[in-house]
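What follows is each chain in one-letter form.
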Amino acid sequence: MAEAESIGSQVSSHHKDTVSDNDDWVASIDEKLKQRWEREQQKLQKELVLENREVWQNDSEFQGLSVIAGADLSFIKGFERDAAACVVVLTYPELKVVHSDVIVGEIDAPYIPGFLGFRETPLILKCLKRIESKTDWRPQVLFVDGNGTLHPRGFGLACHLGVQSGIPCVGVAKNLYIFDSHMTDYKTKSEHKMAHRDMVSKMKSGLLESEQPIRNDDGVVVGKAILSGANSRANPVYVSPGNLVTMATSVTLTRAVTRFRVCEPVRQADIISRQYLRDNYPGLINS
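Conventions adopted
Residues numbered from 1 in each chain as written. Predicted model: local features only at pLDDT ≥ 70, side-chain atom pairs only at ≥ 80, totals over all residues. Heavy atoms only, no water. Helix = DSSP H or I, 4+ residues; strand = E, 2+ residues; numbered from the N terminus. Expected span 1.5 Å × (residues − 1). Contact = heavy atoms within 4.5 Å. Buried < 20%, exposed > 50% of the residue type's maximum accessible area, 1.4 Å probe, protein only. Polar contact = N/O pair within 3.5 Å; in protein donor to acceptor, adjacent residues only side chain to side chain. Salt bridge = Lys/Arg side-chain N within 4 Å of Asp/Glu carboxyl O.

1. Some points on helix 5 (residues 189–205)
In this model helix 5 runs 24 Å from its N-terminal to its C-terminal C-alpha over 17 residues, within 8% of the 24 Å that 1.5 Å per residue would give. Along its buried surface, helix 5 packs onto strand 7 (211–215), strand 8 (221–226) and strand 9 (237–243). Taken from the residues just after helix 5, G206 is the one with a positive phi, measuring 90°.

2. Points about the side chain of T258
Checked against the element boundaries, T258 lands in the loop between helix 6 (247–256) and helix 7 (264–280). The exposure class of T258 is buried, given its relative accessible area of 13%. Side-chain polar atoms of T258 contact the backbone oxygen of T254, separated by 2.5 Å. Apart from the residues lying within four places of it in its own chain, the contact partners of T258 are S228, G229, C263 and E264.

3. Concerning unusual backbone geometry
That bond from Y92 to P93 is cis: its omega, 15°, falls within 30 degrees of zero. Among the secondary structure elements, P93 is positioned in the loop between strand 3 (79–91) and strand 4 (97–106). Non-glycine residue F62 carries a positive phi angle of around 55°. Considering the arrangement of structural elements, one finds F62 in the loop between helix 2 (31–45) and strand 2 (67–76). Exposure remark for F62: the relative accessible area of 5% places this residue in the buried category. With a phi close to 60°, L244 is a non-glycine residue in the positive phi region. Relative to the helices and strands, L244 is located in the loop between strand 9 and helix 6.

4. With respect to the pattern of salt bridges
With the rule as written, the count across this model stands at 11 salt bridges. Where K34 meets E31, a salt bridge forms, and the shortest distance between an N and an O atom there is 3.5 Å. Here K34 pairs with E31, and both are found in helix 2, just 3 residues apart, close to one helical turn. E31 gets classed as partly exposed once you look at its relative accessible area, which sits at 48%. A salt bridge links D101 to R130, with the nearest nitrogen and oxygen atoms 2.8 Å apart. You can see D101 sitting in strand 4 and its partner R130 sitting in helix 3 (residues 116–134), a full 29 residues away along the chain.

On their own, these measurements won't tell you what the molecule is for.
Set out below in structure tokens:
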């Protein structure tokens, strides 16, 4: 089931727009918007709970967990305001897809690093709420392609979704988000990247454990780099809690629902959203 919020009537005019239009749109955003969003993040952060509140979360085999979900967005190539939000529901521990929904719509907020939650949460949340209102599926935990506490202000996309949905949420990012507050030991981002590549190489070769902490300037562990899945040569993913779950449980859960490099809920959401765009808007999907 899928719904086109705005793009359906715009596809015929896509070629009239250009990428530079989006560049101008982003460039027009001033510091006042960032400051307002920072205040909103700080307000929402007061509702953040980085604890296990469900009985199944404290069971070594997650007995009682039966329904999980993954969320992802795929964007229309060259038109960064149009995207397909997908939420996919799977059974646990079978990891069988039992339901998925896609909503295609216009993203009102611009892309600004550190504020992805304002850009992606509304469409994903709408998709999630539609599943909950029109089906009997009630996800007990949500995995999202993005960061939770691994964020400059400790409040990434997974935190936005977790707080606003009230569902335990885990952020699983494919790339390390390097920001100023975890660069204490490095003079430049390039130096940090080189050190990180060295760490990843050692993880893959077995010289380091397959799970490495990522700390902020205060020494607090805000995320974990983990090697997961069957392919030991794959790069790590970066796990951090979003809401209503601890760091340790976030990592253990992610490993439990991973078959390949990316955890299965997020992988399936990515596959389904991209396939929907290929089927309905051929030639207009980011690779």
